[in-house]
Amino acid sequence: MTDKTYDIIIVGAGIVGATLARELSAYALEIAVIDKAADIPSGASRANSAMIHAGYDDKPGSIKADFCAPGNRLYQELAGPLDITLRKCGSYVCGFDAKDLKHLEKLLDQGKRNGVPGVEIITGDALRAKEPHVSAEIAHALWAPSGCIVNNFEAVLAFMDNAQQNGVELFLETEIQDIVLSDDRKEVLGIRTNRGFMRTSVVINAAGINSDLVAKMAGDDSFSIEPTRGEYYIMDKNVGNLVGSFFFPCPTDKGKGITVAPTAENNLLIGPTSVVQESRDDTSTSVDGLKEVVDGARLLVPAIPLGMAITTFSGLRASASTKDFVLGVLDTPRG
Ligand SMILES: Cc1cc2nc3c(=O)[nH]c(=O)nc-3n(C[C@H](O)[C@H](O)[C@H](O)COP(=O)(O)OP(=O)(O)OC[C@H]3O[C@@H](n4cnc5c(N)ncnc54)[C@H](O)[C@@H]3O)c2cc1C
């Protein structure tokens, strides 16, 4: 498809591929980004809650914990120059009883250890003085002022646009089929795609839900991905100001739980569910899933106006078997 030799090929143009491409475009390198989709963002970066988390959720010492709070600060710095809609609206994790309060205290401790600014526990009454529509049953809440809402479409496009302005080439509808290695399997020679061979000595795997499959092409089977579906409702802008921040229940083993939040465009978002599935591309919604969304959201904000729903959607999380971000460089093959 091209005779060019690239220094680096990034597989996947979601938020990870796009931000990496922009960062690397500051160096004198020939860089290509490929994505199997016809348009970006297409994977999880297209369909999510669009929250820039504060960083209290992650276990101290994990890669997520190391990246979340600094990433939050970096997003706030870059949003202006890159013209990305971002609002620092803060987030609350809500507790209903003594058991939940213990959980909030654990999150508070994690937040402090992870360097999250301004995190504190407030009473339900103090919360309702600021947010009158939340449940009267909420006894305490963890407040994290640095949580932000972002326009996730704009973010991916802005990072990728900037990378392209700096010379990065983007190839859409280009799916990696294999990583071609030298006979001794020590060096990367390039990648085989549906559109032909592309020569490079370095491949960066940012393929989201398919990242385990791409890793296997280089002989790395150290992790696997479990597709986990999250379903949502979006409500009309007329009710976009029902809450001014992100509201979460206490997290469980299944994740952060069903949130009620404004969107960057001033709609109201409720969801997501968290259901493991086989398919890596089925993003349909279901009657049961959407019922779970409404029931979960009404625990936090009882007056959720279902009649104001304008659409539903779902996204697929790439839940890694390592329970953390997967980040690293292979020794063999090098690159
Ligand atoms: C329901 C839900 C809610 C979430 N909420 C939040 C949130 O509020 N805040 C937050 O920080 N995170 C959230 N996340 C997680 C966040 O969306 C992801 O961590 C992030 O989008 C992952 O970005 P990515 O670039 O790794 O993957 P993706 O955005 O999935 O990008 C991967 C890209 O690789 C391409 N690709 C895949 N296979 C191939 C192949 N074989 N060849 C070529 N290209 C390929 C895909 O087309 C895709 O464009 C949520 C996720 C979900 C699903």
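Here is a short report on the structure shown in this document. For clarity, every value in this text was computed on a predicted model and none was experimentally measured. (Residues numbered from 1 in each chain as written. Predicted model: local features only at pLDDT ≥ 70, side-chain atom pairs only at ≥ 80, totals over all residues. Heavy atoms only, no water.)

So, on to the overall build of the chain. Along the chain, the regular secondary structure elements total seven helices and 20 strands. Relative to its length of 335 residues, the chain is compact, with a C-alpha radius of gyration of 21 Å against a globular reference of 20 Å. Taking the principal axes of its C-alpha atoms as reference, the chain extends roughly 65 × 40 × 40 Å. Put simply, the chain has 335 residues, and 48% of those count as buried. Residue pairs at least 24 apart in sequence account for 73% of intrachain contacts in the chain once pairs closer than 6 positions are excluded. Accessible surface, the chain: about 16,200 Å² in total, of which carbon and sulfur atoms supply 51%. (Helix = DSSP H or I, 4+ residues; strand = E, 2+ residues; numbered from the N terminus. Rg over C-alpha atoms; globule rule 2.2 N^0.38 Å. Buried < 20%, exposed > 50% of the residue type's maximum accessible area, 1.4 Å probe, protein only. Contact = heavy atoms within 4.5 Å. Areas by Shrake-Rupley, 256 points an atom, 1.4 Å probe, with all protein chains shown as cover.)

Spacing of three or four residues puts side chains on the same side of an α-helix, whose turn is 3.6 residues. For helix H1 (residues 15-24), every residue scored as buried is listed here: Gly 17, Ala 18, Ala 21 and Leu 24. All buried residues of H1 project into a common sector of 140 degrees when viewed along the axis, lining one side. Contacts made by the buried residues of H1 are with strand E2 (8-11), strand E3 (31-34), helix H5 (152-165) and strand E14 (203-205). (Arc of directions from axis to C-beta.)

The next thing to look at is the sheet that holds strand E12 (residues 188-193). The strand order across the open sheet formed by four strands is E1-E13-E12-E11, and the pairing between neighbours is mixed. With partners counted over all chains shown, the strands left at the sheet margins are strand E1 (5-6) and strand E11 (176-181), one partner each. Pairing between E12 and strand E13 (residues 196-200): four bridges, direction antiparallel. Across the sheet, the residue bridging to Thr 193 is Gly 196, located in E13. (Pairing = 2+ DSSP bridges.)

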